[in-house]
Amino acid sequence: MSKASKGKQNGSAKRRTAANTAETVTLGTNERILRDCHQLYTDQEKGLIKLGLELGILLNPPKKKITVMLIGNHSAGKSSFINWYIEEHVQKTAVAIETQGFTLITSGKKRESLTAAATLHLYPRLKDLQEFDGLLGFLSTEVSSSKQKHFNLVTFVDTPGLVDGDMKYPFDVEQTIVWLGGMCDRIFVFFDPIGQALCRRTLDIVEKLNANHPDQIFFYLSKADTAGVESDRQRVLMQITQELCRRPGLNKPGLKMPTIFIPSLTAKTPRCENQLEDLCQEIELTIKQNIQNSLNTLGKDAETLVTAIDKKLEKDRLTRQRNFKSCSRGLLFYFMGLALPLLAFASLTLTKVSRRVLESTLGTHGTDAFYSYMVCTCMHACMHLVDH
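J.: Give me the layout of surface pockets: which residues, what numbers.
T.: The volume enclosed by the largest pocket comes to roughly 1,400 Å³. Taken together, 36 residues make up the lining of the largest pocket; nearest its centre are His 38, Lys 64, Lys 65, Thr 106 and Leu 122. Where the lining of the largest pocket is concerned, the elements lending two or more residues are helix 1 (3–26), helix 2 (29–42), strand 1 (66–72), strand 2 (102–107), strand 3 (112–114) and helix 9 (276–387). With five residues, helix 2 is the single largest residue contributor to the lining of the largest pocket. Of the residues belonging to the lining of the largest pocket, the class tally is 11 nonpolar, 14 polar and 11 charged.

Have a look at this one:
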C-alpha cells in the first residue's frame, strides 16, 4: 500500500473520530446513557436482542425518551404549555377547538411534520392504533429541533380538547385516550378555571385512566392567573376537587392540584403562585426514573442471557459426553467384528493342538471345564465394556 493511500485512510479515520466526538459532546449525560443502553440492545451484529433470539428469548429495548400525555377540556392550555416548554410554536393555540386529533411532539435534527403512516413507522409500539376506526386521519407527529429544558428526552402527546354536549368526534376519543394512557409514563390533566373544567367527558376519561394508572396521573389548575383573586381561585379549586371526589375511583386522600400558568401569556402581574416549575421537575424526575429502570432492565436481561448461555453450554457438554460414549461403543463393536473372524480362524488352527495338550495335562473333564470358564469370562468382559 502506498503512503498516499495510508495517509487518506488515516485522514478519514481521524475525521470519523472527530465527528463521533463532536456528536457525543453535544449529548447530555442522561441522553448518552439512554442512547448507549439502547445500542446495547439493537446492535445488528452483537446486540442483546439478536443474542436473545438465538437463545429463544425475546427482549425489548429500553425507551430513549419518556412519554407525557396532556388531556383536558378545550382551551385548557395543553398546546400552550408544549409551546412554552420547547420554546417553539409548533401547536396551534386559540379559544376554539384547535387540536382535533392526536399529535406527538418530539425532538429531532430538523423541523418537520409527519403523517399517520410515518408516525406509526417512527413509533412501532403504537401500531395497534390502526385498529381504531377513523383515527389515522387525525394522527400526526411534529418534530422540533429544540434543545430547551429536557425536551430531547421527552415525547409529548397532545390530545383533542374535550367537550360535552353534541360534539361528535370522527373516532372514539375516550377509548383512544385510555389506550394511549397505557403507553405513557405520565398523564397531566389540565383543568381550566374559566372553561369547562368540570366537563363530564373529561372526568369520565380521568376515572378510567385512574383505574389502571393511578400513580401516573397528575392534576393541574391551568391558566390559574385568570381565576381572579385568591378567594375566587380557592373556590374554583374546591369545586373541581369536590367533583373529582364524587367519583369513587378518584376519591383518594392527599389530592393535589398545583396552580400553573404560562408567564409569557400573562398581561397583568399575576396574583397567584405559579407552580409551573414543579411540573417541570416532575418531568425531570420521570426521566431519571426511566434511566434507572433502563439500567435495572439491562442488568436483569444480561443475567437472563448468562443463565441461558450456561444452560446451553451444560446441555452441549452432556450431549458431547453421550456422543463420546456412543462413539466408543461403536468403535469397540467395530474392532470386535474385525477380531472375531481372526479368532475363529486361529481357533480352528489351534484347537486340535491345544486341546490335545490340555487333555494330556488336565484330562478330558478338566479341559471341558477350562473351556467353559474361558467362554464365561470373555462374555462377562464384553458385557462390561458395552455397559461402560
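J.: Lay out the packing of helix 6 (residues 173–181) against helix 7 (residues 200–212) with the relevant residues and their values.
T.: Interhelical geometry of helix 6 versus helix 7 gives an angle of 35° and a closest axis separation of 10 Å. Regarding helix 6 and helix 7, the two cross each other, and that crossing is right-handed. For the pair helix 6 and helix 7, contact is made by Val 173, Glu 174, Ile 177, Val 178 and Gly 181 and by Arg 201, Ile 205, Lys 208 and Leu 209, respectively. A class-by-class count of the residues in the contact of helix 6 with helix 7 yields five nonpolar, one polar and three charged.

J.: Requested: an account of the nonpolar core, with residues and values cited.
T.: Formed by 41 residues in total, the largest nonpolar core has its most connected members in Met 69, Ile 71, Ile 177 and Phe 191. When contributions to this core are tallied by element, the ones reaching two or more residues are strand 1, strand 2, helix 5 (116–122), helix 6, strand 6 (186–191), helix 7, strand 7 (217–221) and helix 8 (230–245). In this structure Ile 177 touches Met 69, Ile 71, Phe 102, Thr 159, Leu 162, Ile 205 and Leu 209, once residues within four positions along its chain are discounted. Counting 26 residues, the second largest nonpolar core, distinct from the first, contains Phe 151, Phe 156, Tyr 220 and Ile 283.

J.: Please set out the pattern of salt bridges residue by residue, giving values where relevant.
T.: Pairs can form between side chains of opposite charge whenever their charged atoms are close. Scanning the entire structure with this criterion turns up 16 salt bridges. For Arg 247, the salt bridge goes to Asp 204, with nearest N and O atoms at 2.6 Å. Remark: Asp 204 occurs in helix 7 and Arg 247 occurs in the loop between helix 8 and helix 9; sequence separation between them is 43 residues. Residue Asp 204 is classed as buried on the basis of its relative accessible area of 18%. For Glu 207, the salt bridge identified is with Arg 247, shortest N-O distance 3.1 Å. With Glu 207 in helix 7 and Arg 247 in the loop between helix 8 and helix 9, this pair connects stretches of sequence that are 40 residues apart. On the basis of relative accessible area, Glu 207 is assigned to the partly exposed category, the value being 24%. Members of the salt-bridge network, linked through shared partners, are Arg 200, Asp 204, Glu 207 and Arg 247.

J.: Account for the pairing of strand 5 (residues 154–158), with residues named and values stated.
T.: The buried count for strand 5 comes to five of five residues, which makes it a mostly enclosed element. Of the two faces of strand 5, the one carrying Val 154, Phe 156 and Asp 158 and the one carrying Thr 155 and Val 157 are both buried. Summarising the sheet, strand 1 and strand 5 pair through five bridges and their orientation is parallel. Note that in strand 5 the partner of Met 69 across the bridge is Val 157. Pairing geometry for strand 2 and strand 5, over three bridges, is antiparallel.

J.: Before we move on, could you go through the environment of Phe 102 and cite the residues and values that matter?
T.: Turning to its location among the elements, Phe 102 is positioned in strand 2. Not counting chain neighbours up to four residues away, the residues in contact with Phe 102 comprise Leu 135, Phe 138, Leu 139, Ser 140, Asp 158, Thr 159, Pro 160, Phe 171, Val 173, Thr 176, Ile 177 and Leu 180.

J.: So, the packing of aromatic side chains: which residues are in play, and what are the values?
T.: Scanning all chains against the criterion turns up 15 aromatic pairs. Seen from their ring centres, Tyr 169 and Phe 171 are 6.3 Å apart, and the 45° between their planes marks the pair as tilted. An aromatic cluster is built from Phe 81, Trp 84, Tyr 85, Phe 151, Phe 156, Phe 188, Phe 190, Phe 218 and Tyr 220, whose rings are joined through pairwise contacts. Between Lys 149 and the ring centre of Trp 84, over which it is positioned, the NZ or CZ distance is 4.3 Å.

J.: Please set out the sheet that holds strand 1 residue by residue, giving values where relevant.
T.: If you trace the seven strands from one edge of the open sheet to the other, you get 3-4-2-5-1-6-7, paired in mixed fashion. Every other strand in the sheet has two partners, leaving strand 3 and strand 7 as the edge strands with one partner each. Here the average twist between neighbouring strands, direction ignored, is 20°. Sheet topology note: the strand 3/strand 4 (residues 139–144) ladder contains three bridges and is antiparallel. Note on strand 4: the bridge partner recorded for Ser 113 is Glu 142. Its contacts with the sheet place helix 4 (residues 78–86) against strand 1, strand 2, strand 4, strand 5 and strand 6, and it is angled at close to 160° to strand 5.

J.: Mind laying out helix 6, listing which residues take part and the relevant values?
T.: Among the residues of helix 6, those classed as buried are Val 173, Glu 174, Thr 176, Ile 177, Leu 180 and Gly 181. Considered in projection along helix 6, the buried side chains sweep an arc of 165° and stay on one side of the axis. On its buried face, helix 6 is in contact with strand 1, strand 2, strand 5, strand 6 and helix 7. One side-chain oxygen of the residue at the start of helix 6 lies 3.4 Å from the amide nitrogen of Glu 174, identifying that residue as Asp 172.

Procedures and definitions
Residues numbered from 1 in each chain as written. Predicted model: local features only at pLDDT ≥ 70, side-chain atom pairs only at ≥ 80, totals over all residues. Heavy atoms only, no water. 1 Å grid on protein atoms, 1.4 Å probe; cavity = no way out; pocket = protein on both sides within 12 Å on 5 of 7 lines; lining within 4 Å. Points joined across faces, edges and corners; volume = space filled by probe spheres on them. Helix = DSSP H or I, 4+ residues; strand = E, 2+ residues; numbered from the N terminus. Nonpolar A, V, L, I, M, F, W, Y, C, P; charged D, E, K, R; others polar. Axes fitted to C-alpha atoms, helices over the stretch in contact; angles between N-to-C directions. Left-handed = near helix turned anticlockwise from the far one by under 90°. Contact = heavy atoms within 4.5 Å. Core = buried A, V, L, I, M, F, W, Y, C linked by side-chain atoms within 4.5 Å. Buried < 20%, exposed > 50% of the residue type's maximum accessible area, 1.4 Å probe, protein only. Salt bridge = Lys/Arg side-chain N within 4 Å of Asp/Glu carboxyl O. Pairing = 2+ DSSP bridges. Phe/Tyr/Trp six-rings, centres within 6.5 Å; stacked < 30°, edge-to-face > 60°. Lys NZ or Arg CZ within 6 Å of the ring centre and 35° of its normal. Arc of directions from axis to C-beta. Polar contact = N/O pair within 3.5 Å; in protein donor to acceptor, adjacent residues only side chain to side chain.

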